[in-house]
Amino acid sequence: MIVYLLCFILFLVGIYGILTKRDLIKIILSIGIMGYAANLMLILFAYRNNSIYPILSEGKAVSQMVDPLPQALVLTSIVIELGTTAMLVALALRLYEKYKTFDITKIRRLKG
Amino acid sequence: MNKEPGMTLIVKTVTRISVWLIILYGFYIIFHGHLTPGGGFGGGVIIALALLNVLLAYGKDFTRKWLNIKLLENFESSSITLFLIVGIIGMAVGGSFLFNFIDKGTLFNMLSSGTILPLNIIIGIKVAMSLFLVVLALAAYNFDKGDEQ
Amino acid sequence: MPIEIWLIFILCVMIIASIAALEIKDILSSIIAIGVVGLGVSLSFLFLQAPDLAVVQFLFEIFALIILVRAFVKKEFHQHEETKNNLLISIVTIVVLGLLFLLSLPVFQNLPVFGQPLMTVSEYYLFHGALQTGAANLVAAIILDYRAYDTLGEVTVLFTAIIGTLSILKIRSKEKNRETSNE
């Protein structure tokens, strides 16, 4: 219970960063924090007490393994997260080239 | 010496020796993906990090000369088609998309688990090439003028 | 020592590091603080019996750090002017997020207790996975056999993101084209 709450607080820190920060770099980092919290929450749901990792080997009982399904979902999610981070970085660099700043309140005025 | 791009001689020598070991380790992780932790995603990132090691140590001009960038781009674009082809062969053989049509083999063997091994290799190539190409594009980006050199 | 105490400790470190990453002025320091958060996630995956994810998260954290440092740590970028921190906006945001936290407390009481997951579909995967796919690693069996269609979609998304990044970086702006054509 308290683990879920702490993980939710981590997610809220990411939302706080997106809503209040003006620096584009800080916004990208906040999106990353939200992604970490979401992945960690899914894996927290999968844990079973006194169990082992879901990889078969000699002398391991199948009935004492953690849930492998959220692990499979999160494994693909991590990769997509990196792809989107690279895309956000490229967009931020393009914006810097055009407006010479990372401040979103100054980027907002349209020109050109 | 100082006019050469990249880092010092020590870093270059160590990189020249270690980069092949890192790539070998990446292939090990990919090929044992159905037996041990790892698989296509982890092994692909290890290979991309090995190529990135060369990029950091030697500079981007040498890396562009050393590697055939066009070939890497073709690998990157065609891997998704290979994935589809494996799926369509499954449809022809077993009647459903991505059917596991190769013999399963015995558990804990290297050549077991049917199509999981080829799909792991395809995903490993895909992840390695795409991540390395992104870093190469970022390195070629000129920050002051904002244009490719 | 129960695993829950370790997890609470790691999560507290991660929350402090993420707040530090958002509040520090220096860009390099905040990127390093993000690295602390990502490695904390990797460590928690290890405690939660997910070695696959721990390996992948560790490698991706290093890769993301290299991309961010390569892109943003340049001398002229540090000279961006000090934006005056609007205190009112921060306070209003914190109050609203606190209300959101309090209102979502009943949801967490209805969730399954930590350590006793719902295993309806997964029981089938655990008991039949080795026979039906022949793979010892059940996570690989799920992502590449039972749910390979999901993985195809994921590879498509990755392909689109990478193509988007490459085209954003390689496109030339209109002004540059005009200058070069005038020359």
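Reading the values: rules and limits
- Residues numbered from 1 in each chain as written.
- Chains lettered and ligands numbered in written order.
- Predicted model: local features only at pLDDT ≥ 70, side-chain atom pairs only at ≥ 80, totals over all residues.
- Heavy atoms only, no water.
- Helix = DSSP H or I, 4+ residues; strand = E, 2+ residues; numbered from the N terminus.
- Buried < 20%, exposed > 50% of the residue type's maximum accessible area, 1.4 Å probe, protein only.
- Contact = heavy atoms within 4.5 Å.
- Areas by Shrake-Rupley, 256 points an atom, 1.4 Å probe, with all protein chains shown as cover.
- Rg over C-alpha atoms; globule rule 2.2 N^0.38 Å.
- Lys, Arg positive; Asp, Glu negative; His and termini not counted.
- Charge placed at Lys NZ, Arg CZ, Asp CG, Glu CD.
- 1 Å grid on protein atoms, 1.4 Å probe; cavity = no way out; pocket = protein on both sides within 12 Å on 5 of 7 lines; lining within 4 Å.
- Points joined across faces, edges and corners; volume = space filled by probe spheres on them.
- Nonpolar A, V, L, I, M, F, W, Y, C, P; charged D, E, K, R; others polar.
- Axes fitted to C-alpha atoms, helices over the stretch in contact; angles between N-to-C directions.
- Parallel < 35°, antiparallel > 145°, perpendicular 65-115°, else oblique.
- Buried area = accessible area lost by both parts, 1.4 Å probe.
- Salt bridge = Lys/Arg side-chain N within 4 Å of Asp/Glu carboxyl O.
- Polar contact = N/O pair within 3.5 Å; in protein donor to acceptor, adjacent residues only side chain to side chain.
- Core = buried A, V, L, I, M, F, W, Y, C linked by side-chain atoms within 4.5 Å.
- pLDDT = per-residue confidence, 0-100.

Across its full length, chain C carries nine helices and zero strands. Taken from the N to the C terminus, the helices and strands of chain C come in the order α-α-α-α-α-α-α-α-α. Burial status across chain C gives 44% buried among its 183 residues. Residue pairs at least 24 apart in sequence account for 41% of intrachain contacts in chain C once pairs closer than 6 positions are excluded. Here chain C has roughly 9,700 Å² of accessible surface; of this, 69% comes from carbon and sulfur atoms.

Turning our eyes to something else, we now look at the overall build of chain A. Of the regular secondary structure elements, chain A holds four helices and zero strands. Secondary structure elements of chain A, listed N to C terminal, follow the sequence α-α-α-α. Against the globule reference of 13 Å for 112 residues, chain A gives a C-alpha radius of gyration of 20 Å, more extended than a compact globule. Over its C-alpha atoms, taken along the principal directions, chain A stretches across nearly 65 × 30 × 15 Å. Across chain A, the fraction of contacts at a sequence separation of at least 24, relative to all contacts at a separation of at least 6, is 47%. Of the roughly 4,300 Å² of accessible surface on chain A, a fraction of 67% belongs to carbon and sulfur atoms. Each charge class in chain A can be summarised by its mean position, and for the 12 positive and 6 negative side chains these summaries are 14 Å apart.

So, on to empty space enclosed by the protein. In the structure shown here, the tally under the stated rule is four cavities of 30 Å³ or more. Of the voids in this model, the largest cavity is the one considered here, and its volume is about 60 Å³. Among the elements of the structure, α2 (40-58) of chain B together with α7 (138-146) of chain C are those that each provide at least two residues to the lining of the largest cavity. The leading source of residues in the lining of the largest cavity is α7(C), at four residues. For the lining of the largest cavity, the per-class residue count stands at six nonpolar, six polar and one charged.

Residue and element names in this part refer to chain B. Orientation of helix α1 (residues 9-31) relative to α2, taken along the N-to-C sense of each, is 170°, at an axis distance of 8 Å. One finds that α1 runs roughly antiparallel with respect to α2. Considered class by class, the residues forming the contact of α1 with α2 number 14 nonpolar, eight polar and two charged.

All right, on to the interface of chain A and chain B then. By a widespread convention, an interface's size corresponds to the accessible area lost as its parts come together. Each partner contributes residues to the interface: chain A has 14 residues there, and chain B has 14 residues. Interface of chain A and chain B: buried area, both sides summed, is about 1,100 Å²; carbon and sulfur atoms make up 76% of it. Between the two partners, chain A and chain B, sit zero salt bridges. The interface formed by chain A and chain B holds zero residue pairs in polar contact (both at pLDDT 80 or more) in total. Across the side of chain A that touches chain B, the residue classes tally to eight nonpolar, two polar and four charged.

Right, let's talk about the interface of chain C and chain A for a bit. Taken together, the 94 residues of chain C in the interface contact 75 residues of chain A. Buried area between chain C and chain A, summed over both chains or domains, comes out near 7,800 Å², and the portion from carbon and sulfur atoms is 78%. Ranking the residues of chain C by area buried against chain A places Leu22(C), Gln49(C) and Phe108(C) at the top, with a combined share of 9%. The tally of links from chain C across to chain A stands at two salt bridges. Notably, a salt bridge pairs Arg48(A) with Glu123(C), separated by 3.9 Å at the nearest N-O pair. For the pair chain C and chain A, the number of links is 14 residue pairs in polar contact (both at pLDDT 80 or more). The class makeup of the residues in the side of chain C that touches chain A is 61 nonpolar, 19 polar and 14 charged.

This next bit is on the pattern of salt bridges. For the structure on display, the rule yields seven salt bridges over all chains. When salt bridges that share partners are traced, they join Lys70(B), Glu73(B) and Lys170(C) into one network.

It is worth spelling out the side chain of Ser122(C) at this point. As for its position among the elements, Ser122(C) is in helix α6 (residues 121-133). In this structure Ser122(C) touches Asp67(A), Pro68(A) and Leu69(A), once residues within four positions along its chain are discounted.

Moving on: the environment of Gly14(A). Note that Gly14(A) resides in helix α1 (residues 2-20). For Gly14(A), the contacting residues outside a window of four places in its chain are Ser30(A), Ile33(A) and Met34(A).

Right, let's get into the nonpolar core. Within the largest apolar cluster, 121 residues are counted, with the highest numbers of intra-cluster contacts made by Phe45(C), Phe63(C) and Phe72(C). Broken down by element, this core gets its largest block of residues, 15 residues, from helix α5 (residues 116-140) of chain B. Sequence-distant contacts of Phe45(C), defined by excluding residues within four places in its chain, comprise Asn39(A), Leu40(A), Ile43(A), Val74(A), Ile78(A), Ala50(C), Leu53(C), Ala54(C) and Gln57(C). Met65(A), Leu35(B), Ala136(C) and Leu138(C) belong to the second largest nonpolar core, which has seven residues in total.

Turning next to the confidence of the model for chain A. Looking at chain A as a whole, its pLDDT mean stands at 86, while 96% of the residues score no less than 70. At the level of individual helices and strands, chain A shows its lowest average pLDDT in helix α4 (residues 104-107) of chain A, which scores 77, and its highest in α1(A), which scores 93.

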